[in-house]
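Listed below, chain by chain, are the residues.
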2 protein chains.
Amino acid sequence: MQQAEVQWSPEEKKIAQAALEGARDREIEAVIKSIRENAGLISQIEDVWQLHDYLSAKRHEIDGKYDDRESFLMFTLSRLIKDGLIDLVDLSGLEPEKQSKVKILTRM
Amino acid sequence: MQQAEVQWSPEEKKIAQAALEGARDREIEAVIKSIRENAGLISQIEDVWQLHDYLSAKRHEIDGKYDDRESFLMFTLSRLIKDGLIDLVDLSGLEPEKQSKVKILTRM
């Protein structure tokens, strides 16, 4: 699959960008919810470091996850579907071929 | 000041250890309090990463701070006094010379 050769129209880029932003918002919301829910349960230092480990992992993950370069978009979108942050239906409006490729990638 | 030559009696080690543990407990309590107080105020990703940065710094600090090797105890204790986590009075029971040395180190 030669990702570098895939062409994205301005409309498609807009759709992909909106999907990415929606996913990012949802992921951030989930992180904030998790912090709030767990803050009250923290009672010892191990709990604090567990929260720290969780945030370290999340930061690393979020930093690398929303790559919107055209040559990576297909992978980025499939990853977000796999993570349950977007749905294939959010990509309707993309060329059918792109939708198929994203769908295939979600199975890898 | 030749720290390596300082001798600590079992009683003195017990006093120093108790001071360290008390300080550690107080510091951890403050970290937990801070997480709880701030969790409700977190509303965007920048706040989340700010909490992460705070925890990273605290973890690094706490990891290195409570060095109870005899050759470091004087420094450890003076640092805890400087940080307001223990008081000189917590060290009564140590040889007067040790108390003086810790006091001097707090001014450095």
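The preceding data block contains the structure.
Below is a summary of the structure that appears in this document. (Residues numbered from 1 in each chain as written. Chains lettered and ligands numbered in written order. Predicted model: local features only at pLDDT ≥ 70, side-chain atom pairs only at ≥ 80, totals over all residues. Heavy atoms only, no water.)

## A few points about the environment of Leu94(A)
Residues and elements named next belong to chain A. Of note, Leu94 is situated in the loop between α3 (70-82) and α4 (96-106). Relative accessible area serves as the criterion here: at 4%, Leu94 is assigned to the buried category. When near neighbours in sequence (up to four residues on either side) are disregarded, Leu94 contacts Trp8, Glu12, Ile15, Leu77 and Gln99. (Helix = DSSP H or I, 4+ residues; strand = E, 2+ residues; numbered from the N terminus. Buried < 20%, exposed > 50% of the residue type's maximum accessible area, 1.4 Å probe, protein only. Contact = heavy atoms within 4.5 Å.)

## With respect to the environment of Glu27(B)
Residue and element names in this part refer to chain B. Summarising the element assignment, Glu27 is placed in helix α1 (residues 10-39). A relative accessible area of 4% places Glu27 in the buried class. For the pair formed by Glu27 and Gln50, sequence separation is 23 residues and the distance between their alpha carbons is 19 Å.

## Describing α3(A)
Residue and element names in this part refer to chain A. If you check α3, its first and last C-alpha atoms are 19 Å apart, about what 13 residues at 1.5 Å a residue would give, namely 18 Å. Within α3 the residues assigned to the buried category are Leu73, Met74, Thr76, Leu77, Ser78, Leu80 and Ile81. Where α3 is buried, its residues contact α1 (10-39), α2 (45-65) and α4. Immediately downstream of α3, the backbone of Gly84 shows phi near 75 degrees, a positive value. (Expected span 1.5 Å × (residues − 1).)

## Some details on the side chain of Asp67(B)
Residues and elements named next belong to chain B. Tracing the chain through its elements places Asp67 in the loop between α2 (45-65) and α3 (70-82). A distance of 2.5 Å separates a polar atom in the side chain of Asp67 from a polar atom in the side chain of Arg69. When sequence neighbours within four positions are dropped, the list of residues in contact with Asp67 reads Leu20, Phe72, Leu73 and Thr76. (Polar contact = N/O pair within 3.5 Å; in protein donor to acceptor, adjacent residues only side chain to side chain.)

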